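Per-entry structural report
Residue-level listing of the chains:
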Amino acid sequence: GGVVKGLPWDWFKAAYNVDEEKCISIDGRVVVNLCRLGLKFSTVGTIGAFILMPIYSSKGAAMHGSSKYSIANLGIKTEDWVLSSVVAASYIYTFVFMWLMRAEW
């Protein structure tokens, strides 16, 4: 227990490896599990963003700034496969979230 010495982020490793049954109350376990769930889902979202952002920027209208990398950049006359990939990504995100929720609780 006590002070964690070393690099500034070493506390994360120590906190992640804590024996939940001994050290954390039921409320704390819920919060930790929710944070882990968020980490898993945001990892999937980041991977999806690396796939979708180049599509948004190259197949879209003439938006500028950060809007160039969002779905707002897609126009009405966008190719069908581009819109299909956005819809497919939405379904994938939904099913991954449902799977993670079921696996967690």
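Note that the structure is a prediction, hence the values are computed from the model and not measured.

1. Details of the pattern of salt bridges
Summed over the entire model, instances satisfying the criterion amount to one salt bridge. In this structure, E104 and K40 form a salt bridge, with 3.9 Å as the shortest nitrogen-oxygen distance. A residue pair is termed long-range when its members are at least 10 positions apart, and E104 in helix α4 (residues 80-104) and K40 in helix α3 (residues 26-59) qualify at 64 residues. Exposure remark for K40: the relative accessible area of 40% places this residue in the partly exposed category.

2. Considerations on the nonpolar core
Membership of the largest hydrophobic core is limited to seven residues, which are L52, I55, Y56, L74, V82, V86 and A89. Residue assignment for this core shows that the elements contributing at least two residues are α3 and α4. Once residues lying within four places of it in the same chain are set aside, the contact partners of Y56 are K68, Y69, S70, I71, N73, L74 and V86.

3. Notes on α4
When the terminal C-alpha atoms of α4 are compared, their 36 Å separation across 25 residues agrees well with the 36 Å that a helix rising 1.5 Å per residue should span. If you check which residues of α4 are buried, you get V82, V86, A89 and L100.

4. Focus on the confidence of the model for the protein
A low pLDDT score tells you not to read the predicted coordinates there in detail. Mean pLDDT for the protein: 82, with 92% of residues reaching 70 or above. Taken element by element, the predicted model of the protein shows its lowest mean pLDDT in helix α2 (residues 20-23) (73) and its highest in α4 (91).

5. Regarding α3
In this model, α3 (34 residues) spans 48 Å end to end at C-alpha, consistent with the 50 Å of a helix rising 1.5 Å per residue. If you look at α3, its biggest bend is around 30 degrees, right at F50, and the proline P54 turns up within four residues after that. Turning to α3, its buried residues number three or more, namely N33, L37, G48, L52, I55 and Y56.

6. A few points about the packing of aromatic side chains
How two aromatic rings sit relative to each other is set out by the distance from centre to centre and by the angle between their planes. In total, this model carries three aromatic pairs according to the counting rule given. Centroid distance F41 to Y93: 6.5 Å. Interplanar angle 70 degrees. Geometry classified as edge-to-face. Pair noted here: F41 is in helix α3 and Y93 is in helix α4, with a separation of 52 residues, a long-range link. Classification of F41 by relative accessible area gives partly exposed; the value is 28%. Residue Y93 is classed as partly exposed on the basis of its relative accessible area of 24%.

Basis of the calculations
Residues numbered from 1 in each chain as written. Predicted model: local features only at pLDDT ≥ 70, side-chain atom pairs only at ≥ 80, totals over all residues. Heavy atoms only, no water. Salt bridge = Lys/Arg side-chain N within 4 Å of Asp/Glu carboxyl O. Helix = DSSP H or I, 4+ residues; strand = E, 2+ residues; numbered from the N terminus. Buried < 20%, exposed > 50% of the residue type's maximum accessible area, 1.4 Å probe, protein only. Core = buried A, V, L, I, M, F, W, Y, C linked by side-chain atoms within 4.5 Å. Contact = heavy atoms within 4.5 Å. Expected span 1.5 Å × (residues − 1). pLDDT = per-residue confidence, 0-100. Bend = angle between axes of the 7 residues up to and from the residue. Phe/Tyr/Trp six-rings, centres within 6.5 Å; stacked < 30°, edge-to-face > 60°.

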